[in-house]
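Descriptive analysis of the structure
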Amino acid sequence: MKLTDQTWYLFKKEILLEWRSKYAFNGVLLYVVSTVFICYISFRLTPGFEGSTGYKVMWNVLFWIIILFASVNAIAKSFMQESRNRLLYYYTIASPQAIILSKIAYNILLMSLLSILALIVYKVFFVNVIGDPLFYCIAVLLGSISFSTVFTMISAIASKAGNNGTLMSILSFPVIIPVILVLIRLSKSAMDGLARSSDSYQNIGVLCAINVIVLAASLLLFPYLWRD
């Protein structure tokens, strides 16, 4: 069977399993809504904060913090929740490239949906301060893709080290920090409604380059992890 066919069938399998249990989606959605509501209550207890100069910065930073931890909760279990018997079964029917690609594709779909829902919930509770909504949505989707590719590969490495959550945190830190910094700069420009300058497109290029590098590294390294 071709790689694309294997990836497609495994991708459909991930969607079907999530549709039956809805464990990851419902859990992360509850986390997002409850966290946004807590932030809303905290801001309401500080009169005048919504009109302050630091409100936009806090609005943007809090949103990405929520998405970051939602990504960790949703994607960290990509390989850790798989039983040894199921992994052995995958080993006999599919190539390692198809498995990692299907996981990444599913996590991108999951995080894109959750990020858009989080943005909608965020705009319901808080005053809308986004100057360029379309460009901000592009930044959100790029962030979802970046978090998905990085955390999926790190989850695969951590699963081979005895499902060590601490290892996943350590390995993710040096990769995810540059991604967050670029995302905050990109989304801040969209929030301020600034003209789409070369700096904004350069930030998009940096995010795309990081995703390509992580994806290429996943395809090259995961087969070696898979043999173990």
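Turning to the pattern of salt bridges, a few remarks are in order. For the coordinates displayed, the defined rule picks out two salt bridges. Two residues, Glu 14 and Lys 13, come together in a salt bridge whose shortest N-O distance is 2.8 Å. With respect to class, Glu 14 is no different from Lys 13; both count as buried. A salt bridge links Lys 103 to Glu 14; the shortest N-O distance between them is 3.0 Å. You can see Lys 103 sitting in helix α6 (residues 96-125) and its partner Glu 14 sitting in helix α1 (residues 3-21), a full 89 residues away along the chain.

Moving on, we get to the confidence of the model for the protein chain. Scored by pLDDT, the protein chain has a mean of 80; 86% of the residues are at 70 or more. Element-level pLDDT for the protein chain is lowest in helix α4 (residues 77-80), with a mean of 69, against a maximum mean of 87 in α6.

Moving on, we get to the packing of helix α3 (residues 55-75) against helix α7 (residues 133-159). At a minimum axis distance of 10 Å, the contact between α3 and α7 shows a crossing angle of 35°. Two packed elements cross with a definite hand, and for α3 against α7 that hand is right-handed. Across the interface between the two elements, Trp 59, Asn 60, Phe 63, Trp 64, Ile 67, Leu 68, Ser 71, Val 72 and Ile 75 from α3 touch Tyr 136, Ala 139, Val 140, Gly 143, Phe 147, Ser 148, Phe 151, Thr 152 and Ser 155 from α7.

Here the focus is a nonpolar patch on the surface. Together, Phe 173, Ile 177 and Leu 181 make up a nonpolar patch on the protein surface, roughly 290 Å² of accessible area in all. Note on placement: Leu 181 falls in helix α8 (residues 165-192).

For the structure shown, the criterion picks out 11 aromatic pairs. A ring pair is formed by Phe 37 and Phe 125, whose centres lie 5.8 Å apart and whose planes are at 70°; its orientation type is edge-to-face. Within this pair, whereas Phe 37 is found in helix α2 (residues 23-44), its partner Phe 125 is found in helix α6, the two being separated by 88 residues in sequence. Since its relative accessible area comes to 40%, Phe 37 is described here as partly exposed. A centroid spacing of 6.0 Å and a plane angle of 70° characterise the contact between Trp 59 and Tyr 136, whose relative ring orientation is edge-to-face. One end of the pair, Trp 59, is in helix α3; the other, Tyr 136, is in helix α7, and 77 residues separate them in sequence.

Turning our eyes to something else, we now look at the environment of Asn 203. Along the polypeptide, Asn 203 turns up in helix α9 (residues 198-227). With 64 residues separating them along the chain, Asn 203 and Ala 139 place their C-alpha atoms 9.7 Å apart. Beyond its immediate stretch of four places on either side in the chain, Asn 203 contacts Val 182, Arg 185 and Leu 186.

Note on placement: Asn 60 falls in helix α3. On the basis of relative accessible area, Asn 60 is assigned to the buried category, the value being 1%. A distance of 3.5 Å separates a polar atom in the side chain of Asn 60 from the backbone oxygen of Ile 184. Setting aside residues up to four positions removed in sequence, Asn 60 forms contacts with Tyr 136, Ile 184, Ser 187, Lys 188 and Met 191.

With that settled, the discussion passes to the nonpolar core. Counting 53 residues, the largest nonpolar core has Trp 59, Phe 63, Tyr 136 and Phe 147 as the members making the most contacts within it. Only α2, α3, α6, α7, α8 and α9 provide two or more residues apiece to this core. No other element matches α3, which puts 11 residues into this core. When neighbours within four sequence positions are excluded, Tyr 136 is seen to be in contact with Trp 59, Asn 60, Phe 63, Trp 64, Leu 119, Ile 130, Ser 187, Ala 190 and Met 191.

Rules used throughout
- Residues numbered from 1 in each chain as written.
- Predicted model: local features only at pLDDT ≥ 70, side-chain atom pairs only at ≥ 80, totals over all residues.
- Heavy atoms only, no water.
- Salt bridge = Lys/Arg side-chain N within 4 Å of Asp/Glu carboxyl O.
- Buried < 20%, exposed > 50% of the residue type's maximum accessible area, 1.4 Å probe, protein only.
- Helix = DSSP H or I, 4+ residues; strand = E, 2+ residues; numbered from the N terminus.
- pLDDT = per-residue confidence, 0-100.
- Axes fitted to C-alpha atoms, helices over the stretch in contact; angles between N-to-C directions.
- Left-handed = near helix turned anticlockwise from the far one by under 90°.
- Contact = heavy atoms within 4.5 Å.
- Patch = residues over 30% accessible without salt bridge, like charges linked within 9 Å, V, L, I, M, F, W, Y side chains within 5 Å.
- Areas by Shrake-Rupley, 256 points an atom, 1.4 Å probe, with all protein chains shown as cover.
- Phe/Tyr/Trp six-rings, centres within 6.5 Å; stacked < 30°, edge-to-face > 60°.
- Polar contact = N/O pair within 3.5 Å; in protein donor to acceptor, adjacent residues only side chain to side chain.
- Core = buried A, V, L, I, M, F, W, Y, C linked by side-chain atoms within 4.5 Å.

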